[in-house]
Amino acid sequence: MDFLTEVALPLSLAIIMLSLGLGLTFQDFARVAQRPTAFLIGAAHQIILLPLVAFGVASVFGLAGAIAVGFMILAFSPGGVTTNMLAKLANGDVALSVSLTAVISLTSILTLPVLLAWAVDHFMGQAAPPVDILGVAISMFLITVVPIVLGLLLRWAFPVAIGTVEPIMDIIAKVLFVVIVVAALAANWALFIEHVATLGPALIVLCGLLLVLGLMIPRLLGRSWEEAKTVSVETGIQNATLALAVAAIISGGQGISEFAIPGAVYGIIMYLVALPMIFALRRRGV
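What counts, and at which threshold
- Residues numbered from 1 in each chain as written.
- Predicted model: local features only at pLDDT ≥ 70, side-chain atom pairs only at ≥ 80, totals over all residues.
- Heavy atoms only, no water.
- Helix = DSSP H or I, 4+ residues; strand = E, 2+ residues; numbered from the N terminus.
- Buried < 20%, exposed > 50% of the residue type's maximum accessible area, 1.4 Å probe, protein only.
- Expected span 1.5 Å × (residues − 1).
- Bend = angle between axes of the 7 residues up to and from the residue.
- Contact = heavy atoms within 4.5 Å.
- Phe/Tyr/Trp six-rings, centres within 6.5 Å; stacked < 30°, edge-to-face > 60°.
- Salt bridge = Lys/Arg side-chain N within 4 Å of Asp/Glu carboxyl O.
- Patch = residues over 30% accessible without salt bridge, like charges linked within 9 Å, V, L, I, M, F, W, Y side chains within 5 Å.
- Areas by Shrake-Rupley, 256 points an atom, 1.4 Å probe, with all protein chains shown as cover.
- Core = buried A, V, L, I, M, F, W, Y, C linked by side-chain atoms within 4.5 Å.
- Axes fitted to C-alpha atoms, helices over the stretch in contact; angles between N-to-C directions.
- Parallel < 35°, antiparallel > 145°, perpendicular 65-115°, else oblique.
- Nonpolar A, V, L, I, M, F, W, Y, C, P; charged D, E, K, R; others polar.
- Polar contact = N/O pair within 3.5 Å; in protein donor to acceptor, adjacent residues only side chain to side chain.
- Lys, Arg positive; Asp, Glu negative; His and termini not counted.

## What about the overall build of the chain?
Phase 1: If you tally the helices and strands in the chain, you get twelve helices and zero strands.
Phase 2: What you see in the chain, going N to C, is helices and strands ordered as α-α-α-α-α-α-α-α-α-α-α-α.
Phase 3: Expressed along its principal axes, the backbone C-alpha trace of the chain runs to roughly 50 × 40 × 30 Å.
Phase 4: Taking all 286 residues of the chain together, the buried fraction comes to 53%.

## A word on helix H12 (residues 261-281)
Phase 1: Counted at 1.5 Å a residue, the expected span for H12 with its 21 residues is 30 Å, and the 30 Å between its end C-alpha atoms agrees.
Phase 2: Its axis deflected by about 35° at Gly267, H12 carries its strongest bend there.

## Structural notes on the environment of Ile237
Phase 1: Mapped onto the fold, Ile237 is located in the loop between helix H10 (225-236) and helix H11 (240-250).
Phase 2: Of the residues examined, Ile237 reaches a relative accessible area of 1% and is grouped as buried.
Phase 3: Between the C-alpha atom of Ile237 and that of Gly80, which follows or precedes it by 157 residues, the distance is 8.0 Å.
Phase 4: Not counting residues within four places of it along the chain, the set of residues in contact with Ile237 comprises Gly79, Thr83, Leu86, Cys207, Tyr266, Met270 and Ala274.

## Considerations on unusual backbone geometry
Phase 1: For Asn91, which is not a glycine, the phi torsion comes out positive at approximately 60°.
Phase 2: Here Asn91 shows up in the loop between helix H5 (81-89) and helix H6 (94-124).

## Observations regarding the packing of aromatic side chains
Phase 1: According to the stated counting rule, one finds three aromatic pairs in the structure shown.
Phase 2: Ring geometry for Phe55 versus Trp118: centroids 5.7 Å apart, planes at 55°, classification tilted. Of the two residues, Phe55 is situated in helix H3 (residues 36-60) and Trp118 in helix H6; the sequence distance between them amounts to 63 residues.
Phase 3: Phe55 gets classed as partly exposed once you look at its relative accessible area, which sits at 29%.

## Side note on the pattern of salt bridges
Phase 1: Counting across every chain of the model gives one salt bridge.
Phase 2: Note that Glu227 is salt-bridged to Arg223, the shortest N-O span being 2.9 Å.
Phase 3: Arg223 gets classed as partly exposed once you look at its relative accessible area, which sits at 22%.

## Brief notes about a nonpolar patch on the surface
Phase 1: On the surface, Leu134, Ile138, Phe141, Leu142 and Val146 cluster together into a nonpolar patch covering about 460 Å² of accessible area.
Phase 2: A relative accessible area of 38% means that Phe141 is categorised as partly exposed.

## Some details on the nonpolar core
Phase 1: If you look at the biggest cluster of nonpolar residues, it comprises 72 residues, and the most contacted ones within it are Val69, Phe71 and Leu116.
Phase 2: At eleven residues, H12 tops the list of elements feeding residues into this core.
Phase 3: Counting residues in each nonpolar core, the second largest holds nine residues, with Val32, Ala43, Leu100 and Ile104 among its members.

## A few points about the packing of helix H4 (residues 65-76) against H12
Phase 1: Interhelical geometry of H4 versus H12 gives an angle of 50° and a closest axis separation of 7 Å. The pairing of H4 with H12 is recorded here as oblique in orientation. On H12, the residues touching Ile67, Gly70, Phe71 and Leu74 of H4 are Ile261, Pro262, Gly263 and Tyr266.
Phase 2: Considering only residue class, the contact of H4 with H12 consists of six nonpolar, two polar and no charged.

## Quick notes on the environment of Val53
Phase 1: Among the secondary structure elements, Val53 is positioned in helix H3.
Phase 2: For the pair Val53 and Arg282, spaced 229 residues apart in sequence, the C-alpha separation works out to 26 Å.

## A word on the side chain of Asp93
Phase 1: Within the secondary structure, Asp93 is located in the loop between H5 and H6.
Phase 2: Of note is the side chain of Asp93, whose polar atom sits 3.0 Å from the backbone nitrogen of Leu96.
Phase 3: Among residues more than four places away in sequence, those in contact with Asp93 are Arg35, Glu226, Glu227 and Thr230.

## Focus: the packing of helix H2 (residues 26-34) against H6
For any two helices packed against each other, the geometry comes down to the angle between their axes and how far apart the axes lie.
Phase 1: Here H2 crosses H6 at 95°, and the two axes come no closer than 9 Å. Put simply, H2 runs roughly perpendicular to H6. For the pair formed by H2 and H6, the contact residues are Asp28, Phe29, Arg31 and Val32 on the first element and Ala95, Val98, Ser99, Ala102, Val103 and Leu106 on the second.
Phase 2: Grouping the amino acids of the contact of H2 with H6 by side-chain chemistry returns seven nonpolar, one polar and two charged.

## Let's talk about the side chain of Lys229
Phase 1: For Lys229, the location among the structural elements is in helix H10.
Phase 2: One buried charged residue, Lys229, forms no salt bridge at all, with the nearest opposite charge on Glu226 at 5.1 Å.
Phase 3: Polar contacts involving the side chain of Lys229 include one to the main-chain carbonyl oxygen of Ala90, which spans 2.8 Å.

Laid out in structure tokens, this is it:
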């Protein structure tokens, strides 16, 4: 058994998703019905725009094979708890960010497996490994939906205690994320060096382009600066840990594979690209 991919990675993702659930309330889901336009714009960005832009960037940079599949897995992954923190840092609409993160994280168990099967077939052809769509969906349900719902219920049942525990869980989640990213890069260092000249710029363009489009489109549709900044963050920042977990699932748990390299590199690049823009936007609309 590969301990990292079969135990450490799924457990780390489950803890990260539990920390997301601990920060949620039932009101976060009710808010979707109360403010449907802003939510639908943000959801369309993540479910439709993001994969289309990622496919275009992958094509322009000539990404192929497992690296291209790993690149697309990022686009199919929802945002994580990081987006809520960055939306707050940007003086965005944190309530909208939390609603988008919660709902898109739950719906990804339906969208990601189907899109993943298409990406593997498109970019790998005859060399494509078999993708069990139902198996991927079940795995994602166990390591994402179950922890989120558990965290939500714990927050509802023990609000005071969870208010104390949540910051600690958040720190643990961030440490686990760093460990997994470092382990993924270390396990594929030669492949990382081989592809970094192309993959690095492609990821920078992807993240930067999505942040800009996520800001401009809502503004053109008449949304407030706070909402636009939130949609920008939710569109431009993805759950790299989930991308690494999905990479492990489709590789059969046989170590951290080539599929994981884009997610590991992105885990570093997303902060380098997003933070300067977020600090520049902090006072916009305030």
